[in-house]
Amino acid sequence: KISPWQERPGLGVSLVSHGGTFIATVAEVQVHRATGILTVPRVWVAVNVGLAVQPANVRRLIRGGVVMGLSHALIEQVTIRDGGVEQSNFHDYPIAILEHVPDITVEVLETSGVPSAVGELGGLGVAGAVANGFADLTNRNIRHMPFLPERVLDALK
């Protein structure tokens, strides 16, 4: 009996530089080939913000950014019908919830550079890392967000 889940996860890497901050993100990706469901069980982030004045807050901001980035990459979608947006509020616009949140490890690099931006930067590299993990796993590329099951299945063809 063969499992529809891959035998090994894919690993994808991205590197983002913005406002003097450098963020490396690694995403572990799994794909259910029968349904096209893509999951991200683990994410690792290394961030260099120069002198991290409050490293615990940097980690929190990066974790929140990762969750936002995963929500954008895997779930969130605005649809247009007859020239208007179909979604009006959170009841019909899906976002990440607790069950979507992976194990997130954040390493704040200890440097003595000038403090730089953090904010929502943790999410910038997530989609790229997930797409690269998908490519590592399947030897296929997925290029359109969100990475919905039907798009995953199309990419697997």
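Preceding this paragraph is the structure being described.
Notes on the structure follow. (Residues numbered from 1 in each chain as written. Predicted model: local features only at pLDDT ≥ 70, side-chain atom pairs only at ≥ 80, totals over all residues. Heavy atoms only, no water.)

Points about the overall build of the protein chain
Short version of the rule: Helix and strand assignments follow DSSP, with helices taken as H or I runs no shorter than four residues and strands as E runs no shorter than two, numbered in order from the N terminus. Relative accessibility thresholds used throughout: buried, under 20% of the residue-type maximum; exposed, over 50%; partly exposed, between the two (1.4 Å probe, protein chains only).
Scanning the protein chain from terminus to terminus reveals 3 helices and 6 strands. What you see in the protein chain, going N to C, is helices and strands ordered as β-β-β-α-β-β-β-α-α. When its C-alpha atoms are laid out on the principal axes, the protein chain stretches across 50 × 45 × 25 Å. Within the span of the protein chain, comprising 157 residues, buried residues form 38% of the whole.

Here's the deal with the packing of helix H1 (residues 55–74) against helix H2 (residues 126–138)
Put simply, the rule reads: Simply put, an axis is a line fit to the C-alpha atoms, just over the touching stretch for a helix, and the angle between two N-to-C directions goes from 0 to 180 degrees. Oblique is the label for any angle not covered by the other classes, which are roughly parallel (under 35 degrees), roughly antiparallel (over 145) and roughly perpendicular (65 to 115). Two helices crossing with the near one rotated counterclockwise from the far one by less than a right angle form a left-handed crossing, whereas a clockwise rotation gives a right-handed crossing. Residues count as neighbours in contact if any of their non-hydrogen atoms are within 4.5 Å of one another. Polarity classes work like this: nonpolar for Ala, Val, Leu, Ile, Met, Phe, Trp, Tyr, Cys and Pro, charged for Asp, Glu, Lys and Arg, and polar for all others, with Gly in that last group.
At a minimum axis distance of 8 Å, the contact between H1 and H2 shows a crossing angle of 55°. As the angle between them shows, H1 and H2 are arranged oblique. In the crossing of H1 with H2, the sense of the turn from one axis to the other is right-handed. For the pair H1 and H2, contact is made by Val66, Gly69, Leu70, Ala73 and Leu74 and by Val126, Ala127 and Val130, respectively. Its residues assigned to classes, the contact of H1 with H2 comprises 7 nonpolar, 1 polar and no charged.

Considerations on the side chain of Ser71
Locating Ser71 in the fold gives a position in helix H1. By relative accessible area, Ser71 is classed as buried at 2%. Among all residues touching Ser71, those that are not within four sequence positions of it are Glu76, Ile95 and Ala96.

Observations concerning the layout of surface pockets
Rolled over the atoms, a probe as big as a water molecule pinpoints where empty space is left. The cut-off we apply is this: Of the grid points, spaced at 1 Å and generated over the protein atoms alone, those admitting a 1.4 Å probe that cannot get out make up cavities, while open sets with protein on both sides within 12 Å along at least five of seven lines make up pockets; any residue with an atom within 4 Å of a point is treated as lining. Grid points are joined across faces, edges and corners, and a volume is the space filled by probe spheres set on the points.
One number sums up the size of the largest pocket: a volume of about 250 Å³. Contributing to the lining of the largest pocket are Ile37, Leu38, Thr39, Val40, Leu74, Ile75, Glu99, His100, Val101, Phe147, Leu148 and Pro149. Ranked by residue count, the leading element in the lining of the largest pocket is strand E3 (residues 37–48), at 4 residues. Grouping the constituent residues of the lining of the largest pocket by class yields 9 nonpolar, 2 polar and 1 charged.

Brief notes about the sheet that holds strand E6 (residues 103–108)
What counts is decided by this rule: A pair of strands is treated as paired once DSSP finds two or more bridges between them.
If you walk across this open sheet you meet the 4 strands as E1-E2-E3-E6, and the pairing is mixed. Each of the sheet's edge strands pairs with one partner strand only, and the pair in question is strand E1 (10–18) and E6. Averaged over neighbouring strand pairs, the angle between their axes works out to 20° when direction is ignored. Summarising the sheet, E1 and strand E2 (residues 21–32) pair through 9 bridges and their orientation is antiparallel. Within E2, the residue paired with His18 across the bridge is Thr21.

With respect to the nonpolar core
Note the threshold: The set of buried Ala, Val, Leu, Ile, Met, Phe, Trp, Tyr and Cys residues whose side-chain atoms join them within 4.5 Å is what this entry labels a nonpolar core.
Counting residues in hydrophobic clusters, the biggest one holds 36 residues, and the most contacted among them are Leu38, Val40, Ile62, Leu74 and Val130. Where this core is concerned, the elements lending two or more residues are E2, E3, H1, E6, H2 and helix H3 (149–156). Among the elements that make up this core, the one with the highest residue count is H2 (7 residues). Beyond its immediate stretch of four places on either side in the chain, Val40 contacts Ala27, Glu28, Val29, Leu70, Leu74, Pro102 and Val130.

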